[in-house]
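Descriptive analysis of the structure
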Amino acid sequence: MNREKRPFELYVFDWDGTLMDTTRFIALSIQQAARSLGYPEPSFAVAESVIGLGHEDMMRRAVPECPASDYERFAAEYWKAYIGQEAGLPGLHPGIEALLSNMKRSGLWLAVATGKSRGGLNRVFRKTGAGPLFVATKTADETASKPAPDMLIELSEELCVPAPRMVMVGDAVHDLEMARAAGVPAIGVTWGAARRESLEALSPRAVVDDVPQLARAMGVEDLLPAA
């Protein structure tokens, strides 16, 4: 079955928390950066809630006491803490890599829309070897960060796929808000940063708890690896 006969022509995925279980590492790094600079440390829940935003939005929400004049120092401390943990990062979420590989082999178009920088995305691509799965990628340092719709609009224009024929898969409220703003159907996954209730409040196409449920919601259940 080709792309045109599927429910969607383009499948867009968030990275952190959706494809890769990095949420704990990111939240701890935000907390460490705040401590290092002497700012009040946000709770883990608050630090986790800003994952997926661009760095300035992330800092503004997680550590409101940090003035814009100190954002550069905060970013440097954050990256020092995060990169120090990168060797311990896991691979892709269990079951995801096999499903994406089958989708790719079937001729489906996959893309990434992430709050990571281009350098950060390139590093995890090198770690996981997942880069060749995707026909296009958008990062927060190259366009407006979530929840602005720019990443999805740019993917739509670049690949000539209308918004209703795309689907955005993400674990955070910001992912679903971005999709809504772009007119793109969305699917929330519960294994990342946000809780089911927060995702359901944005009325996505589905909220799923595991990879088989995700495959069904995307209309690619026939591409699930054999058990």
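Up top is the structure these notes are about.
Residues numbered from 1 in each chain as written. Predicted model: local features only at pLDDT ≥ 70, side-chain atom pairs only at ≥ 80, totals over all residues. Heavy atoms only, no water.

As for its placement among the helices and strands, valine 207 is situated in strand 6 (residues 206–208). Its relative accessible area of 15% is what places valine 207 among the buried residues. Separated by 38 residues in sequence, valine 207 and valine 169 have C-alpha atoms that sit 9.6 Å apart. Once residues lying within four places of it in the same chain are set aside, the contact partners of valine 207 are Gly188, Thr190, Arg196, Leu199 and Glu200. (Helix = DSSP H or I, 4+ residues; strand = E, 2+ residues; numbered from the N terminus. Buried < 20%, exposed > 50% of the residue type's maximum accessible area, 1.4 Å probe, protein only. Contact = heavy atoms within 4.5 Å.)

Attention shifts here to helix 4 (residues 71–83). Over its 13 residues, helix 4 runs 18 Å from end to end, which matches the ideal 18 Å to within 8%, given 1.5 Å per residue. Those residues of helix 4 that sit buried are Tyr71, Phe74, Ala75, Glu77, Tyr78, Ala81 and Tyr82. Along helix 4, the residues classed as buried sweep out an arc of 165 degrees about the axis, all on the same side. Of the residues in helix 4, the exposed ones pointing more than 90 degrees away from the buried face are Glu72 and Lys80. Of the surrounding secondary structure, the elements contacted by the buried residues of helix 4 are helix 1 (23–37) and helix 3 (55–62). (Expected span 1.5 Å × (residues − 1). Arc of directions from axis to C-beta.)

The strands that make up a sheet pair up through hydrogen bonds in the backbone, lying either parallel or antiparallel. Strands sit in the order 3-2-1-4-5-6 across an open sheet of 6 strands; the sheet is parallel. Looking at strand neighbours, the two that pair on one side only are strand 3 (136–139) and strand 6, the edges of this open sheet. Going from strand to strand, the sheet's axes swing by 20 degrees on average, the running direction of each strand aside. Relative to strand 5 (residues 186–189), strand 4 (residues 166–170) runs parallel, the two sharing 3 bridges. Note on strand 5: the bridge partner recorded for valine 169 is isoleucine 187. Sitting on the sheet, helix 7 (residues 150–159) touches strand 1 (10–13), strand 2 (109–114), strand 3 and strand 4, and the angle it makes with strand 3 is about 155 degrees. (Pairing = 2+ DSSP bridges. Axes fitted to C-alpha atoms, helices over the stretch in contact; angles between N-to-C directions.)

This next bit is on the packing of aromatic side chains. The tally for this structure, following the rule as stated, stands at 7 aromatic pairs. Relative to phenylalanine 125, the ring of tryptophan 15 lies with its centre 5.5 Å away and its plane at 75 degrees, an arrangement referred to as edge-to-face. Residue tryptophan 15 is found in the loop between strand 1 and helix 1, and its partner phenylalanine 125 is found in helix 6 (residues 118–128); the two are separated by 110 residues along the sequence. Taken individually, tryptophan 15 and phenylalanine 125 each receive the classification buried, so the pair is uniform in this respect. (Phe/Tyr/Trp six-rings, centres within 6.5 Å; stacked < 30°, edge-to-face > 60°.)

Another aspect to go through is unusual backbone geometry. At the junction of lysine 146 and proline 147, the peptide bond is cis and its omega measures out at 10 degrees in the coordinates. In this structure, cysteine 160 is a non-glycine residue whose phi angle is positive, near 60 degrees. Along the polypeptide, cysteine 160 turns up in the loop between helix 7 and strand 4. Cysteine 160 sits in the exposed class, given a relative accessible area of 67%. Of note in the backbone geometry, serine 203 takes a positive phi value of approximately 50 degrees without being a glycine. Along the chain, serine 203 falls in the loop between helix 9 (196–200) and strand 6.

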